[in-house]
Amino acid sequence: MSSGGSISGLERDLEKDEEAAIDTIPISEKDDKTSIPNDDTPTSSGYRTENGKHFGPDGSELAPSQTRAAILEVSGLSLHPELPNTYIVGWESDDDPTNPLNWAPWRRWGTVFLVSLITLITPLASTMFAAAVPILMEEFDVQSKILNAFVVSIFVLGFVIGPLICSPLSELHGRLPVYHTSNFVFLCFTIACAVAPNLPALMVFRFMAGSAGSAALAIGGGTIADVIPIHHRGKAMVLFSMGPILGPVIGPVGGGFAVQALGWRWIFWILTIASGSVCVLCLGVMRETFAPKILKGRTRKLEKRYRHVAFRSMYWSPLTEKEYLVRSLVRPLRMLVNPIVLSLS
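Residues numbered from 1 in each chain as written. Predicted model: local features only at pLDDT ≥ 70, side-chain atom pairs only at ≥ 80, totals over all residues. Heavy atoms only, no water.

Asks: Could you give me a rundown of a nonpolar patch on the surface, with the residues and numbers involved?
Replies: A surface patch of nonpolar side chains, amounting to about 820 Å² of accessible area, comprises Ile-146, Phe-150, Leu-157, Val-160, Ile-161, Leu-164, Ile-165, Val-326, Leu-329 and Val-330. Those elements that provide at least two residues to the nonpolar patch are helix H6 (145–173) and helix H12 (321–336). Among the elements that line the nonpolar patch, the one with the most residues is H6, at 7 residues. By secondary structure assignment, the location of Leu-329 is in helix H12. Of the residues examined, Leu-329 reaches a relative accessible area of 39% and is grouped as partly exposed. (Patch = residues over 30% accessible without salt bridge, like charges linked within 9 Å, V, L, I, M, F, W, Y side chains within 5 Å. Areas by Shrake-Rupley, 256 points an atom, 1.4 Å probe, with all protein chains shown as cover. Salt bridge = Lys/Arg side-chain N within 4 Å of Asp/Glu carboxyl O. Helix = DSSP H or I, 4+ residues; strand = E, 2+ residues; numbered from the N terminus. Buried < 20%, exposed > 50% of the residue type's maximum accessible area, 1.4 Å probe, protein only.)

Asks: How would you explain the environment of Leu-295 if you had to name every residue and give the values?
Replies: Within the secondary structure, Leu-295 sits in helix H11 (residues 291–305). Distance in space between the C-alpha atoms of Leu-295 and Asn-99 is 9.2 Å, their sequence separation being 196 residues.

Asks: Go over the pattern of salt bridges, please, and point to the residues and values.
Replies: Tallying each qualifying case throughout the model produces 3 salt bridges. Close ionic contact of Arg-298 with Asp-96 constitutes a salt bridge, the shortest N to O distance being 3.3 Å. Placement of Arg-298 in helix H11 and of Asp-96 in the loop between strand E5 (86–89) and helix H4 (105–128) is noted, with a sequence separation of 202 residues between them. With relative accessibility at 18%, the residue Arg-298 sits in the buried group. Take Asp-96: its relative accessible area is 1%, and that puts it in the buried class. Its salt-bridge partner being Arg-175, residue Asp-226 comes within 2.8 Å of it at the nearest N-O pair. On the criterion of sequence distance, the pair formed by Asp-226 in helix H8 (residues 199–227) and Arg-175 in helix H7 (residues 175–194) is long-range, its members being 51 residues apart. You can call Asp-226 buried: its relative accessible area is 13%. Taking relative accessible area as the criterion, Arg-175 reaches 7% and is therefore assigned buried.

Asks: An account of the side chain of Asn-183 is requested, with residue identities and associated values reported.
Replies: Within the secondary structure, Asn-183 sits in helix H7. Here Asn-183 falls in the buried class, since its relative accessible area comes to 10%. Not counting chain neighbours up to four residues away, the residues in contact with Asn-183 comprise Ile-118, Cys-279 and Cys-282. (Contact = heavy atoms within 4.5 Å.)

Asks: Requested: an account of the side chain of Arg-175, with residues and values cited.
Replies: Side chain to side chain, Arg-175 and Asp-226 meet in a polar contact 2.8 Å long. With residues up to four places along the chain from it excluded, the contact list for Arg-175 reads Ser-170, Ile-219, Gly-222, Thr-223, Asp-226, Glu-288, Thr-289 and Phe-290. (Polar contact = N/O pair within 3.5 Å; in protein donor to acceptor, adjacent residues only side chain to side chain.)

Asks: An account of the pairing of strand E6 (residues 310–313) is needed here, citing residue identities and associated values.
Replies: Taking every second residue as pointing to the same face, the buried face of E6 carries Phe-311 and Ser-313, while none of Ala-310 and Arg-312 on the other face is buried. Pairing between E5 and E6: 4 bridges, direction parallel. Paired with Tyr-87 across the strands is Phe-311, a residue of E6. (Pairing = 2+ DSSP bridges.)

Asks: Give a description of helix H5 (residues 133–140) that names residues and reports values.
Replies: Every α-helix carries 3.6 residues per turn, so stepping three or four residues along brings you back to the same face. Of all the residues in H5, the buried ones are Val-133, Leu-136, Met-137 and Phe-140. The arc enclosing the buried residues of H5, seen along the axis, measures out at 95°, which places them on a common side. Among the exposed residues of H5, those pointing more than 90 degrees away from its buried face are Pro-134 and Glu-138. In this structure, the buried side of H5 is in contact with H6, H8 and helix H10 (265–285). Looking one or two residues past H5, Asp-141 carries a phi angle of roughly 55°, positive in sign. (Arc of directions from axis to C-beta.)

Asks: With reference to specific residues and values, describe empty space enclosed by the protein.
Replies: One way to see where empty space is left: roll a probe the size of a water molecule over the atoms. Counted under the stated rule, the structure contains 3 cavities of 30 Å³ or more. Estimated volume of the largest cavity: approximately 80 Å³. Lining the largest cavity, in full, are Ile-118, Ile-121, Thr-122, Asn-183, Phe-186, Gly-213, Ser-275, Val-278 and Cys-279. Elements supplying a minimum of two residues to the lining of the largest cavity: H4, H7 and H10. Among the residues forming the lining of the largest cavity, the class breakdown is 5 nonpolar, 4 polar and no charged. In this structure, the second largest cavity occupies an estimated 40 Å³ of space. Taken together, Ala-125, Phe-155, Thr-190, Cys-193, Arg-206, Ala-209, Phe-268 and Leu-271 form the lining of the second largest cavity. Those elements that place two or more of their residues in the lining of the second largest cavity are H7, H8 and H10. (1 Å grid on protein atoms, 1.4 Å probe; cavity = no way out; pocket = protein on both sides within 12 Å on 5 of 7 lines; lining within 4 Å. Points joined across faces, edges and corners; volume = space filled by probe spheres on them. Nonpolar A, V, L, I, M, F, W, Y, C, P; charged D, E, K, R; others polar.)

Encoded structure:
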């Protein structure tokens, strides 16, 4: 075979390969001339153009090639491997400043410090009141020894209910709303404890305060994983674990002095001042740390800017909020009846 014949045959093979490649790539990558017809007559593939607008097989309007080119220039976007006209939203780079792992050290460790403060105040509130029980029972004229112990331990009962609600909500709506809401609810019910008119009301208020205060204990580890690289998490976990350790130790001692000098209601006012200060600090300093929530916000901004293009976060899940909540609530119950868990507990 002559060299001219070999070259022309090679060119024909390359043209066939190019045509096959064009047919396999998504519509968002194709040029308008090859993927979308220039008249109003639908093609066999289902793509059509009407009045200068491009439509896909499902009837949805597609972005023009200029828009698609502009989208591909945005950092952190990549084409979905299966869905046409769909882009995956991720981090702009490994050094993306919006990624909590790339925040300034003062912000990352400041977040850990605030979470650790919350986990200190909550165990402090559970035991600080113990020294005031005899005076409380005398004031409310209650003689039951069961209620004597229950008014203290009912706070810890809230630790069972709170995580079941706070943990799944933090992964649906982010950590920050859960922290702010739980801090505010804890603050309100601590004030309610300080002005409680009778023992039943006080027990209800303490239970609600314990449920709200358990949020940091439940999602604090997740926050540390959000902002601290894995090789520094040991130091962060030491700081985080100091609250649950020191709180039950400091609480009875401080509560004993406070109840003798100020009265049992001032124990809750002291806790109100401490939790209120931390609440204000969290409102001013803390930022959202949950990566899926951050990228979800970026996805929504892109959807508003490019209305005829589909965007999907790299953390996208097919589960609805209801399905996720049900799964999160059922999973602990399944673990509770697991034979291995029962035998170890």
